[in-house]
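Single-letter residue listing:
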Amino acid sequence: MSFVSPVLVGRAAEVGALDAAVARARAGVGGTVFVVGEAGIGKSRLAATAGGAGVRVVRGRAGSVPLRAVSEAVLGALRDGSVDRERLGGFWPVLWRLVSDRTEALTDPPLVRAEAVLRLLAQLGTCVLTLEDLHDADADTLHVVDYLADNVGDQPVVVVGTARPDPGPAHDVIASAVARRAATVLRLAPLDRAATGELVHRCLDGPVPDELLDRVHRNADGVPFVVEEMLGALVDDGTLVRMPDGWRLTGDPGDPGARVPATVAAAVQRRVDRLGPGATEVLRAAAVFGRTFSLSAAAATAGIDATDAVGHLRAAAGAQLVAAEPGDDPDRYAFRHALTAEAVLAGLLPVERAGLARTAAAVVEPVDGQEEVAAALWLTADEPGRAAELLRRAGRRAAARGTLAASTALLERGLSLVDTRDGSETTAGLLEALVHTLVESGDIERVRALGSTLDGALSRVDASPARRVAARLTRARAGGASGLWRDGLAEIAAARALAGGEPALVAEIDAVASRLVFLSDHPEGDTEARRLAEAALATATAADLPEVACEALEILSRCARLTDLAAAQAHLGRVAELAERHSLPIWRVRAFMEIAAIEKDRTNDVSGLLVIRQAVEDAGAVVTAAWVDFNLGVAAVFAGDLVAAERYCDRALATARRFRRIDLERIGLCGRAVLAACRADRAGMERALAQLEGVDLFGYGPEVWGYLRAVCALLEEDHDRALEHFADADAASAAIGHRRGFGHRAPYLLLRAAGGHATWADHDALLGTNLMQMSLHRSYVLWTRAVLFGRDGKPDDAAQAAAEAMESGAAVPLNRYLGTRIAAPCALADGWGEPLTWLRDTEEYFHGAGLTQPAAACRALLRGAGVGGQQRRAGYGAVPPVLRRAGVTVREYDVLRLVGERLGNIEIAERLFLSPRTVERHVASLRQRTGQPDRAHLVEYARRHAK
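Residues numbered from 1 in each chain as written. Predicted model: local features only at pLDDT ≥ 70, side-chain atom pairs only at ≥ 80, totals over all residues. Heavy atoms only, no water.

A. Broad picture of unusual backbone geometry. Positioned with a positive phi, S583 is a non-glycine residue whose angle comes to about 55°. Among the structural elements, S583 can be located in the loop between α29 (565-581) and α30 (585-603). Although it is not a glycine, R902 sits at a positive phi angle of roughly 65°. Note that R902 resides in the loop between α46 (890-900) and α47 (905-912). (Helix = DSSP H or I, 4+ residues; strand = E, 2+ residues; numbered from the N terminus.)

B. Highlighting the packing of aromatic side chains. Applying the stated rule across the entire model yields nine aromatic pairs. An aromatic cluster is built from F293, Y333 and F335, whose rings are joined through pairwise contacts. Positioned above the aromatic ring of Y648 is the side chain of R647, whose terminal nitrogen or guanidinium carbon lies 5.3 Å from the ring centre. Directly above the aromatic system of Y748 lies the positively charged group of R752, at a separation of 4.5 Å from the ring centroid. (Phe/Tyr/Trp six-rings, centres within 6.5 Å; stacked < 30°, edge-to-face > 60°. Lys NZ or Arg CZ within 6 Å of the ring centre and 35° of its normal.)

C. Representation of the sheet that holds strand β8 (residues 292-294) in the model. Strand order in this open sheet of three strands is β8-β10-β9, and the pairing throughout is antiparallel. On the outer flanks of this sheet lie β8 and β9 (322-324), each paired with one strand and no other. Averaged over neighbouring strand pairs, the angle between their axes works out to 35° when direction is ignored. By the bridge criterion, three bridges tie β8 to strand β10 (residues 332-335) in an arrangement that is antiparallel. Bridged to F293 within β10 is Y333. (Pairing = 2+ DSSP bridges. Axes fitted to C-alpha atoms, helices over the stretch in contact; angles between N-to-C directions.)

D. Quick look at the side chain of H725. Considering the arrangement of structural elements, one finds H725 in helix α37 (residues 719-735). Since its relative accessible area comes to 13%, H725 is described here as buried. Not counting residues within four places of it along the chain, the set of residues in contact with H725 comprises R682, G706, R709, A710 and A713. (Buried < 20%, exposed > 50% of the residue type's maximum accessible area, 1.4 Å probe, protein only. Contact = heavy atoms within 4.5 Å.)

E. Region of interest: helix α8 (residues 139-151). Taking 1.5 Å per residue as the helical rise, α8 with its 13 residues ought to reach 18 Å, and the 18 Å between its terminal C-alpha atoms agrees with that figure. Burial analysis of α8 places 10 of its 13 residues in the buried class, the great majority of the element. Every buried residue of α8 is accounted for by D140, T141, L142, V144, V145, D146, Y147, L148, A149 and N151. Regarding α8, its N-cap is D138, as a side-chain oxygen of that residue lies 3.2 Å from the backbone nitrogen of D140 further along. (Expected span 1.5 Å × (residues − 1). Polar contact = N/O pair within 3.5 Å; in protein donor to acceptor, adjacent residues only side chain to side chain.)

F. Quick look at the pattern of salt bridges. On inspection of all chains with the given rule, the structure shows 55 salt bridges. Here E940 and R902 are joined by a salt bridge, their closest N and O atoms 3.2 Å apart. In this pair, E940 sits in helix α49 (residues 935-945) while R902 sits in the loop between α46 and α47, placing the two residues 38 residues apart along the sequence. Judged by its relative accessible area of 53%, R902 falls in the exposed class. Within the structure, one salt-bridge network assembled from shared partners comprises R477, E508, R515, E551, E554 and R590. (Salt bridge = Lys/Arg side-chain N within 4 Å of Asp/Glu carboxyl O.)

G. Representation of the state of the cysteines. On inspection of all chains with the given rule, the structure shows zero disulfides. Looking at the unpaired C858, the closest cysteine sulfur is the one in C826, lying at 14 Å. (Disulfide = S-S within 2.5 Å.)

H. Structural detail: the packing of α47 against helix α48 (residues 916-930). One way to put it is that α47 packs onto α48 with a least axis distance of 8 Å and a crossing angle of 110°. The pairing of α47 with α48 is recorded here as roughly perpendicular in orientation. Contacts from N905, I906, I908 and A909 in α47 reach P916, V919, E920 and V923 in α48. Taken together, the residues of the contact of α47 with α48 break down into six nonpolar, one polar and one charged. (Parallel < 35°, antiparallel > 145°, perpendicular 65-115°, else oblique. Nonpolar A, V, L, I, M, F, W, Y, C, P; charged D, E, K, R; others polar.)

I. Representation of the confidence of the model for the protein chain in the model. Put simply, the protein chain has an average pLDDT of 85, and 91% of its residues get 70 or more. Under a pLDDT of 50 for its full length, residues 255-261 has, in the predicted model, 11 contacts with residues more than four places off or in other chains. (pLDDT = per-residue confidence, 0-100.)

J. Expanded view of the pairing of strand β6 (residues 240-243). Across four bridges, the pairing between β6 and strand β7 (residues 246-249) is antiparallel. Counted as the bridge partner of L240 is L249 from β7. What sits between the antiparallel neighbours β6 and β7 is a turn of two residues.

K. Layout of empty space enclosed by the protein. Applying the stated criterion across every chain yields a total of one cavity of 30 Å³ or more. When its volume is computed, the largest cavity comes out at roughly 50 Å³. The wall of the largest cavity is formed by V70, A73, V74, V117, L121, L129, L131, V144 and L148. Listed by contribution, the elements that provide at least two residues to the lining of the largest cavity are α3 (68-78), α7 (110-122), β3 (127-132) and α8. No other element matches the three residues that α3 contributes to the lining of the largest cavity. Grouping the constituent residues of the lining of the largest cavity by class yields nine nonpolar, no polar and no charged. (1 Å grid on protein atoms, 1.4 Å probe; cavity = no way out; pocket = protein on both sides within 12 Å on 5 of 7 lines; lining within 4 Å. Points joined across faces, edges and corners; volume = space filled by probe spheres on them.)

L. Quick peek at the sheet that holds β3. Ordered by their spatial adjacency, five strands build an open sheet running β2-β3-β4-β1-β5, and the pairing between neighbours is parallel. Each having just a single partner strand, β2 (56-61) and β5 (184-187) make up the two edges of the open sheet. Direction aside, the axes of adjacent strands within the sheet are offset by 20° on average. Bridging between strand β1 (residues 31-36) and strand β4 (residues 157-163) involves six bridges; their strand directions are parallel. Its bridge partner lying in β4, V33 is registered against V160. Running at roughly 150° to β4, helix α1 (residues 12-26) makes contact with β1, β3, β4 and β5 of the sheet.

M. Quick peek at the nonpolar core. Ranked by size, the top nonpolar core spans 85 residues in total, and within it F638, L708, W783, L814, W832 and F846 carry the most contacts. With 10 residues, the single largest contributor to this core is helix α36 (residues 701-715). Residues contacting W832, with those up to four places away along its chain left out, are W783, A786, V787, G790, P795, A798, A799, A802, A823, C826, A827 and W838. In terms of nonpolar packing, the next biggest core, distinct from the first, is built from 47 residues, V36, V74, L120 and V152 among them. (Core = buried A, V, L, I, M, F, W, Y, C linked by side-chain atoms within 4.5 Å.)

N. Structural view of the side chain of S779. Inspection of the secondary structure assignment puts S779 in helix α40 (residues 775-791). With relative accessibility at 0%, the residue S779 sits in the buried group. Not counting the four nearest positions on each side in its chain, S779 is found in contact with A805, S808, G809, N815 and R816.

Laid out in structure tokens, this is it:
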């Protein structure tokens, strides 16, 4: 007989804490609560109390199957059909793979999978997600739990996880979440005597002898499950019987000094014995797998026919020892409690248990995807070497799927079972796989720390040159990724010594070396990088090494970007073609992103980036989308749409912090610094740069910092300070061979030319670079040309160059008008162009953008030329800030509002008492200022912003 209390006993405080968490979730403030305690202490029963009216509860239980708990919870959330798939977008396929094919689901990036679960929960209203037995969870499940703990705070969701207090990955995840205040822990202590007495009364529903209460409390040690099991055993063997006036003991309830595990084992074993010897063999075979098991595997381990095994299991289910696992797999079963499985094995000698585990391991080891289960069995069989080899295989499988966190955890477990100096192939393989996974996941410090250990292991197994070269190249890539290119080049030299001239190895070495040389301070780094990449490409093409070819072409593209953006795009086109032909999705995405980024540099046209962003978002590649957001944000800054720029930068930063990507967060902070500099917000810019102090930022840092400070100084009308900052940027750029940025050189040239300190030679030195092909910088070079022509007494040539500068800068108004502000005094002094008209337009732009100092400087120049300052028309303050920052005038705003009402030019002219020709000019100007490709888009823009 089995007894279960109908109510939860002795946990009032813990129930109150869960109720409070649910109440906060109803108010939109989510949270995570971990319920921690030993087996049988009541974790699941406490977790089951979380909920209430109007609260959706979804559950999952961890086990030997990867992502089982998450899959069960997702399936429960989808069961009633209320989820809006459209709102989930690209995350819907991720969720569907979780419930339809967990093996396929493991190919999804862990962060994307976790975000998909979060977005699903957010659709359920106030929701409780209960994930039980996290101590049995795989690394991928724990990754989801860790991510949710950090990100449910702004959702009406409570995550409740249960776990034992044993050391292990789950313990580490819980401790980390609590340490960063992302979760709280409810630690369940054993029941005191009073609570034990109440539990007994609730179970038996009638008066009980005090002697029973005393002995049950002592023997059960306050563990509710043990209390209930003891009561069931006492009733089953007739020691405790119900009488008309209550329960009565008819025999000795047990030795008061007996240990609780022995008591539980005896109670469970009595039930097992009643089922007969065949059932005993099946249950012991099942128990060696743990709480959950495959019936077919248990039958094979026990050496019992599958049909007979089903009958034995049916009897065990009737005795409430086992039950079918939730889900669609008829072969999966679970013991009622983890202690039940342990109790079934308690009567075996250690040698008997080891032999049973050895048989079970031999059964499951050949099955794909069962490496972890087999490894655990070999450990029970006291064969750690075989367990380590299986964990190596499991780790490699996880890395191939892209589940890097799971791979790292498996490989580290494997290494913990071996002596890293033992000279075994298993140890070398574990270290190789772990170092490769750590590079992919960005843990560069650990890669460096493990370098000599891996080399020693490979030497002891007399590894082939190819394996030794691969180890060196892995560390070389790590050096490049972390800015430690000198260390990377040292690894390249060691790899070359090992390669022995083998063409395929040399090609891969050359490809990696080209990247490192390009990043280095080599005086002719771009030339040497190009030579290495071309050699790698030639060999890779001949030997059919597509990934090596892609890496070489990417570096050739970077080299080409210094002088020829079209050639750079052509190289990337070849990468995309190779990636498509050889099914290399990561390289394909990288190629298209770089192509779109170059197009943005050429024209400030972000349409390609927008297409890429939508594609990667639909695919659930959230982190990649954040990289695109950064590029979009910078483009929006210089296009004059600071509201959109801030939205993009904030979105990129939020993603970086949500996914804990330090590299991406630094890029986002740089975006904020750009935004602040272009608002002349020096304090905000310096705050952002302070958070980047000492950061290399892929070699760009010092040059970018100087450039941003100089732009801010220009907008503060402090040209001397701007020259100092530009000089700092120039020195930083010279230190790395002028191969990375060039961003400062065009405005620096113009500012020096306006001050009489730059010559045609300085101008011509930039013509061979990519500056004339880049929208951000081309107008500065053209303004410099106009200034120099004017100084040479060639006003017509100067005016032509100025017209080209104005046209070239149309897509980047901030640079266009900064160039005009710097060049206009020269035009006034040397008598070329239309400086008065330029200054009026420039003053209008800066005033509309809220940049008061350059606007005031323009008005001062106009007054100095004998022309009245710009008049501010009534109603200017009614123009929305986003439109003012775009330079939209009051009259243009009036036109825009009517465009939004879908009126034609003639109708607008009649309403505003203007000529149709004037309206046409205003509409053209509005399209240019707002970046709209045609009138239809301008109508939609007006409906959003001109209300």
